[in-house]
Every structure is written in structure tokens, then in C-alpha cells.
Amino acid sequence: MFERLESAPADPILGLTEAFRADPRDTKINLGVGVFKNDEGKTPSLECVHRAEKILAELEVDRSYLPITGPDTYGKEVRQLLLGPLAAELGGRGMTAQTPGGTGALRVAADFIAKHRPGKVWLSDPTWANHNAIFKAAGLEVKSYRYYDAERRGVNVEGMLEDLSRADESDLVLFHASCHNPTGFDPTPEQWLAVQKVQAARGFLTLFDTAYQGFGDGLDEDVASIRTFAKGKAPFFVASSFSKNFSLYNERIGALTFVGESADEASRVFSHVKIAIRTNYSNPARHGGALVTAVLTNPELKALWETEVAGMRARLRDLRSRLVDALKASGASRDFGFMLKQKGMFSYTGLAPEEVDQLTSKHGVYMVRSGRINVAGITSKNLPRLVSAITDVIG
Ligand code: LMR
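Residues numbered from 1 in each chain as written. Predicted model: local features only at pLDDT ≥ 70, side-chain atom pairs only at ≥ 80, totals over all residues. Heavy atoms only, no water.

Topic: the overall build of the chain
Right, so step 1: The number of helices and strands found in the chain is 14 helices and 13 strands.
Right, so step 2: For 395 residues, the compact-globule estimate of 2.2 N^0.38 gives 21 Å, and the C-alpha radius of gyration of the chain, at 21 Å, lies within 12% of that figure.
Right, so step 3: Counting only C-alpha atoms, the chain reaches 60 × 55 × 55 Å along its principal axes.
Right, so step 4: When burial is assessed residue by residue, the chain has 55% of its 395 residues classed as buried.
Right, so step 5: Considering only contacts in the chain between residues 6 or more positions apart, those separated by 24 or more positions represent 74%.
Right, so step 6: Carbon and sulfur atoms make up 52% of the accessible area of the chain, which amounts to about 17,900 Å² in all.
Right, so step 7: Averaged over its 48 positive side-chain charges, the chain has a centre that lies 1 Å from the centre of its 48 negative ones. (Helix = DSSP H or I, 4+ residues; strand = E, 2+ residues; numbered from the N terminus. Rg over C-alpha atoms; globule rule 2.2 N^0.38 Å. Buried < 20%, exposed > 50% of the residue type's maximum accessible area, 1.4 Å probe, protein only. Contact = heavy atoms within 4.5 Å. Areas by Shrake-Rupley, 256 points an atom, 1.4 Å probe, with all protein chains shown as cover. Lys, Arg positive; Asp, Glu negative; His and termini not counted. Charge placed at Lys NZ, Arg CZ, Asp CG, Glu CD.)

Description of helix 5 (residues 101–116)
Right, so step 1: With 16 residues, helix 5 extends 23 Å between its outermost C-alpha atoms, agreeing within 8% with the 22 Å of an ideal straight helix rising 1.5 Å per residue.
Right, so step 2: Within the sequence span of helix 5, burial applies to Gly101, Gly102, Gly104, Ala105, Leu106, Val108, Ala109, Ala110, Phe112 and Ile113. (Expected span 1.5 Å × (residues − 1).)

As for the packing of helix 5 against helix 10 (residues 263–278)
Right, so step 1: Taken N-terminus to C-terminus, the directions of helix 5 and helix 10 make an angle of 115°; their axes are 9 Å apart at the nearest point. Handedness of the crossing formed by helix 5 with helix 10: right-handed. Of helix 10, the residues touching helix 5 (which contributes Val108, Asp111, Phe112 and His116) are Val269, His272, Val273, Ala276 and Ile277.
Right, so step 2: Its residues placed into classes, the contact of helix 5 with helix 10 shows six nonpolar, two polar and one charged. (Axes fitted to C-alpha atoms, helices over the stretch in contact; angles between N-to-C directions. Left-handed = near helix turned anticlockwise from the far one by under 90°. Nonpolar A, V, L, I, M, F, W, Y, C, P; charged D, E, K, R; others polar.)

Examining the pattern of salt bridges
Right, so step 1: Counting across every chain of the model gives 21 salt bridges.
Right, so step 2: The partner of Asp163 in a salt bridge is Arg166, and the shortest N-O contact between them spans 2.6 Å.
Right, so step 3: Residue classification places Asp163 among the buried positions, given a relative accessible area of 6%.
Right, so step 4: One network of salt bridges, in which partners are shared, links Lys120, Asp168, Asp171 and Arg202. (Salt bridge = Lys/Arg side-chain N within 4 Å of Asp/Glu carboxyl O.)

Looking at the environment of Phe208
Right, so step 1: Secondary-structure assignment places Phe208 in strand 8 (residues 205–210).
Right, so step 2: In the structure, Phe208 is positioned 186 residues away from Ile394 in sequence and 36 Å away in space, judged by C-alpha atoms.
Right, so step 3: Setting aside its immediate chain neighbours within four residues, Phe208 contacts Phe175, Ala177, Trp192, Ser225, Ile226, Phe229, Phe236, Phe237, Val238 and Ala239.

Looking at the site of the ligand
Right, so step 1: Neighbouring the ligand are Ile13, Val33, Gly34, Trp128, Asn181, Tyr212, Lys244, Phe346 and Arg372.
Right, so step 2: One of the side-chain nitrogen or oxygen atoms of Asn181 is found 3.0 Å away from an oxygen atom of the ligand.
Right, so step 3: Here Lys244 contributes a side-chain N or O atom positioned 3.3 Å from an oxygen atom of the ligand.
Right, so step 4: For the ligand, the protein covers 84% of the area, taking 260 Å² as the surface of the free molecule. (Near = heavy atom within 4 Å. Polar contact = N/O pair within 3.5 Å; in protein donor to acceptor, adjacent residues only side chain to side chain.)

As C-alpha cells, then:
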């Protein structure tokens, strides 16, 4: 029946984890998938989550289904984190569904868009590899807008605005709210205002993807782009994830939020979002959302969470500058100083795909072929090996 079916290629990101696991070298280094790790290379529970687990374990659990869009309290906490004081002001204009991770939120949004607003989808060039795949899987046409300026090492704002001014009213444009994946370069607040102006002129629908809130400049700062749009009139979606900032990768916990022009519009849109969910995974799983809600609704645990997020942010910054310093000290033939301007979990190293291939085959260093590294994969122990592998490959 499947005689002619050829094998699909490995996933460009998750496939790296499989290849890394299969590599017998004990000197191997995994800088592939974006997972936060401590200096021992481990991803343990956050302390706030550990404490929330204990509290939840004592409670009686109702094992019935959750509502299709998840519990209201979860949605309210998500909007509070994303929109801050604007959440209360927007009232019924904001609605949220609990989803299986940020990916689940993106797919639900894509299914909704494919059915009710099937225009083109504009993604940044480059973007997270799965963005292309998700929107194509939903049957949508994908286009890209200029984003990364390899020469200036930053955001090509002029190119981006020019391309966005070609997006139609029926199109969807996806933005990374902060900590752009894979480049680590974000627009400035002024540049976001310019983007919003183009949106107002062209009338396209906006979808923010935010998976790294708190890993760039701070929990509020990292969603400033979303809040800029929330102050305007135009409706928008937000796909958000707690995988990273709650270290709950394997609980698959995220959210899809819609802010409508009116409460009536939001409620009509969400009646269809519910169908997209029901025909996909029916309704969400309980545990991850219960943990996040237990932390965010408990002032003591929330304060602890904020401290732990600040700790992860500080570690990422420290690792980035340690890598740049060590490369400089080793006499590397290239200046990697530009990496200090990048934010979040990823750094675009500027390494060419062939150099990445060599790093993997010769030194067991795994990273996305675009040259993206997960900074959190660096440890005190593997840093010297990583630096000598890079200097060996680039000469
Ligand atoms: C990544 O880009 O590495 C993360 O978003 C994890 C994933 O699912 O790809």
C-alpha cells in the first residue's frame, strides 16, 4: 500500500536531537533545539513549578473534560501576562484558548484563518522552520518579508516595511513579539510603531508568536510589541507558550489569544476557534495549565517565578558574552561581537551551512544548519571544546 512512499526528511530542529542521541562521542555538544539548560546541561523543574506540583497533588482532581478553550482563569492569567494593565481595559475584546504549546496555538490559528480568511501568510525571512510547515499544512500560501540584514547584522527595517506594504487586507502577517527565532534580533519600539502604521494602512491581520517572554529584556519589555498593537483598534492574534519561561516543555502548554475590535467580534471569532480546536484535539489537557495557573494566581509563587525567569535571562546573557569573549581570546579569525546585541535563547552565529556540517561531523557539535545556536546548550564544561571546534572550522 505504501510501496512508493518515500521517507520524509528529518525535522530540521527536532531531528537534531535524534541525531545527537545517536552520536556515540562523549564530547558531543547539543546546541540544536531551544531548551533551557543549567550548567550541568540539565532541564529540571523550576522551583515554583515544583511547589505548585505539591499543592496540586493535595487537591481533589475533577477528571472530567476541560472546556474546549480551557479554564477561564488560565485565559485571564495569560492575557494579564501578555497585555498587562491593558487586559482589564480590553475586557471582553480579549479571549484566550489553552492550547497544546505554542505550536498548537499556531495550528489552531492557521486552521481558523484557512477557513475564514484564506489570504497569504507572510513570515519573516528567516523564521522558525516550523512556521512554514504549519501554515502550509493548513493549506495556506506562505510568503516571506525581508527581516535579517546579514551585512549590518540586525533587522532590515526598510526591507521589512517595504515588503509589508505589499501585504493585502486579506493577508495574515506573523511577527515574533521578541527574541526573534532564529536571529535573536528584534525591532526597536520605534520600529514597531512604524510596523503598526503599515498595518493600519494595509489592513492585514496580525499574528504575534511569543515563546520567549522574559528571556530578552524582561517579562513586560518582551511583549511591548503586542501591547503597542493592543493600544490600536485593529484585531490581532497571539500564539504564546509556557514551554520556555516555565520550563514545561513536555507538558505542551500554550495559548491562543484574540483581541477583537469589539467584544462581539471576539466572541464570534472564538465560536469558530472552538470548532478548529474541537476538530483537532477536542479540548486541552489539564496538568500544564493547572501548574501555570497555580503559580500565577499565588503571589508568593508568582514572585518566585519572576525571580527564576530573571535567573534564566541572566544565564543566557552571561553565556552569550562568555562565548564571544572566549572566541576573541582564542584568536578566532572572525569577530563575533555582534552576538552581544542578540536577545533570548538563540544566536545567529553567521556560520555557513557547510561549516555547521563540519562542526557536526568532525567535532560532534549539533546546531541548526542556518548557523543558529541554542545559547543555553553551552556549559562551563563544554565551552572550551566548543570554542576550539569553531576556531578549527573557520580557521
Ligand atoms: C526551537 O526553535 O528550537 C524551539 O522552538 C523548539 C521547537 O519546537 O522547534
